[in-house]
Each structure stands twice: as C-alpha cells, then as structure tokens.
Amino acid sequence: MIAKLAHVEWLKTRRRSAFWIATLSFVGLMLVGLGADYYANTRAASYTYRPVWPGAIGSAEGFGMLIMMVLIVLLTASEKTWRTERQNVIDGLSRTHYFLGKLILLVGCILAFWLGVALLATLFEGLNRGLVTSAIDAPFIGRLHALQLVSVLLYLFFVGSLAFMFGTICSSSGAALALAFLFLILQPPISILMAREGGMLHEATAYLPMEVMQAFGSARGWDAARLTEFNSRMRENGMPLSLGAGAAAAVLALYSALACGVALW
C-alpha cells in the first residue's frame, strides 16, 4: 500500500510545474550562492580556507523555508480546487490512506531538497579545498557542521508540516498561501511585543515557532556558553530568547507532530 500511494503521488507530482519550478529554484539559488563564493575565492590574491558548510546550511534554511512552504501548500491545497481529493475517495482511498499519501509526498520533497544541499555542499567544499596548496588540518566536515546538516532535515520537515496543515485546512491554494505567509509575517512583531512585556511572556518567546527554527539552525544552539551569553544580552535589551539545539529539536518535533495531527483531523 505504501508503494502504491507513493506511486500515485509521484504520478501527480511529476506533472506539476510547481514541483519542478520550486526544485530548480532551490538548486539554482544554492548554486548561485556557492558558485559566487567559489569564483571570488579563485580570484582572490591570497585565499584563506574557510569551510563551505555554514554558508550552505544557512542558505538551505533560508531558501528552503520559503520554497518548501510554497511547494507543499500548492501540492496539497490544489487537490480541493481540482476535485482530485474527491476522486481519491471515489477510487477507494480512506482518509488515512489519503493522509499517508500526502505524508509520503512531504517526506519525498524534504529528502530531495536535503540531498541536493548535501551534494552541492560536498562538491564546493572539495573545490574550495583544491584551491589550498598546503595541508588542511580541519576534517572534511566537522562535528558541528554535521549536526547542523542533519538538523536541516528536521527544519524542513517542520516547515513542510506547517504547509501541509495550511494546505489541508484551507479550501484553495490562494487561501493556504495567505495563511502561511500571515503565519510567517506576524511572528516577529508578536515575539518582540512579548519580550517587552517581560516575565513569563519574555521567557515564552523562545518557544515560538520562528524563534525555535532560528535557534535550531544557529551555531550558538550547540554551544552552551554562547547560548547563555546570547540570552543574557537579549534579556537586557528586551529581545526574544533562544533555546539550545536539543530543546529546539524536541519542540520542533512536537510542533511537527501537532501540525500533522491537525492535518489528519
């Protein structure tokens, strides 16, 4: 049944221009950023080696958040507009089977994007190392960068889960996109207002979805000393706080499960 559901979703997805445009846009933006850095390094009079991973991971999270959300919204909400959601029921799919099909679609898109990031970062890391004539002491990918690269999977799954929820509860792609962008736009001012109120509201800012995503993707989340110093400075300035990487991962997983649960309901 899983294989059949995956096949059905692939038949529909491969005919959608939104899928190919989003995928090519994501890869293209990653290539532009990594390629521009590599070109600048080749033209530099004296090149000092810097790992590619931080820039690649940051670009993946920045571009991935927007592109993944738009893509999943378009691929799920359009089922209502085109009446294919009703056709799935006529064809004998239960609600659970339909949900599983969309979940397979979500996981497939996430893996495709993540593999693209890993392959491009690996390629340009190798190219940049080739510009250095002396030996490089640093490993090909350090522990922190490896953890951050793995964290991109959960990051994209959370974004995709939100998009899946919006695409499922709304009656059209336009309404789902409006709700998704409203969700993204409103959180920064809300978190700042909560921070300025102080007390428990200030502490709660660290658990807002957008703040959790930033904490999970940043290097400070993996460094207790940097995290403590950052939160101390944010408390003094009345700005949103940040969680550690472990806590952020747990909260993101909980939010993802909640979003998928709402979509199923």
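Residues numbered from 1 in each chain as written. Predicted model: local features only at pLDDT ≥ 70, side-chain atom pairs only at ≥ 80, totals over all residues. Heavy atoms only, no water.

1. Some remarks on the overall build of the protein
A tally of helices and strands in the protein yields 11 helices and zero strands. Helices (α) and strands (β) of the protein occur, in sequence order from the N terminus, as α-α-α-α-α-α-α-α-α-α-α. Seen through its C-alpha atoms, the protein measures out along the principal axes to roughly 65 × 50 × 30 Å. Looking at the protein as a whole, 44% of its 265 residues qualify as buried. For the protein, restricting intrachain contacts to residue pairs at least 6 apart in sequence, the fraction spanning at least 24 positions comes to 78%. As displayed, the protein offers around 13,600 Å² of accessible surface, 69% of which is attributable to carbon and sulfur atoms. With 19 positive and 14 negative side-chain charges, the protein shows a spacing of 10 Å between the two charge centroids. (Helix = DSSP H or I, 4+ residues; strand = E, 2+ residues; numbered from the N terminus. Buried < 20%, exposed > 50% of the residue type's maximum accessible area, 1.4 Å probe, protein only. Contact = heavy atoms within 4.5 Å. Areas by Shrake-Rupley, 256 points an atom, 1.4 Å probe, with all protein chains shown as cover. Lys, Arg positive; Asp, Glu negative; His and termini not counted. Charge placed at Lys NZ, Arg CZ, Asp CG, Glu CD.)

2. A closer look at the nonpolar core
Grouped together as the largest cluster of nonpolar side chains are 64 residues, with contacts concentrated most on Met 30, Cys 109 and Met 213. Dropping the residues within four chain positions of it, Met 213 is found in contact with Met 65, Tyr 155, Phe 158, Val 159 and Leu 252. (Core = buried A, V, L, I, M, F, W, Y, C linked by side-chain atoms within 4.5 Å.)

3. Things to note about the confidence of the model for the protein
Any segment with low pLDDT has predicted coordinates that should not be analysed in fine detail. Across the protein, the average pLDDT comes to 87, with 95% of residues at 70 or higher. Summarising per-element confidence for the protein, the mean pLDDT is lowest in helix H4 (residues 84-90) (63) and highest in helix H11 (residues 245-264) (92). (pLDDT = per-residue confidence, 0-100.)

4. Here we look at the packing of helix H1 (residues 2-13) against helix H5 (residues 95-130)
Between H1 and H5, the shortest axis-to-axis distance is 9 Å and the interhelical angle comes to 65 degrees. As for the relative orientation of H1 and H5, their crossing is right-handed in sense. For the pair H1 and H5, the contacting residues are Ile 2, Leu 5, Ala 6, Glu 9, Lys 12 and Thr 13 in the first and His 97, Leu 100, Gly 101, Lys 102, Ile 104 and Leu 105 in the second. Taken together, the residues of the contact of H1 with H5 break down into six nonpolar, three polar and three charged. (Axes fitted to C-alpha atoms, helices over the stretch in contact; angles between N-to-C directions. Left-handed = near helix turned anticlockwise from the far one by under 90°. Nonpolar A, V, L, I, M, F, W, Y, C, P; charged D, E, K, R; others polar.)

5. Looking at the packing of helix H7 (residues 173-197) against helix H9 (residues 209-217)
The angle between the axes and the distance between the axes are what describe a pair of packed helices. At their nearest, the axes of H7 and H9 sit 8 Å apart, and the two run at 90 degrees to each other. For the element pair H7 / H9, the angle class is roughly perpendicular. Between H7, through Phe 183, Leu 184, Gln 187 and Ser 191, and H9, the contact on the second element is made entirely by Pro 209, Met 210 and Glu 211. Along the lines of polarity and charge, the residues of the contact of H7 with H9 split into four nonpolar, two polar and one charged. (Parallel < 35°, antiparallel > 145°, perpendicular 65-115°, else oblique.)

6. Some points on the environment of Ala 247
Checked against the element boundaries, Ala 247 lands in helix H11. Judged by relative accessible area, which is 38%, Ala 247 ranks as partly exposed. Taking the C-alpha atoms as reference, Ala 247 lies 9.4 Å from Ala 215; in sequence the two are 32 residues apart.

7. Observations concerning H1
An ideal rise of 1.5 Å per residue puts 16 Å on 12 residues; H1 measures up with 16 Å between its terminal C-alpha atoms. Taken as a whole, H1 has its buried residues at Leu 5, Glu 9 and Thr 13. The buried residues of H1 occupy an angular sector of 65 degrees when projected down its axis, which confines them to one face. Among the exposed residues of H1, those oriented more than 90 degrees off its buried face are Ala 3 and Lys 4. (Expected span 1.5 Å × (residues − 1). Arc of directions from axis to C-beta.)

8. What to know about a nonpolar patch on the surface
On the surface, a nonpolar cluster with roughly 410 Å² of combined accessible area is contributed by Ile 169, Leu 179, Leu 182, Leu 186 and Ile 190. It is H7 that contributes the most residues to the nonpolar patch, four residues altogether. Locating Leu 182 in the fold gives a position in helix H7. (Patch = residues over 30% accessible without salt bridge, like charges linked within 9 Å, V, L, I, M, F, W, Y side chains within 5 Å. Salt bridge = Lys/Arg side-chain N within 4 Å of Asp/Glu carboxyl O.)

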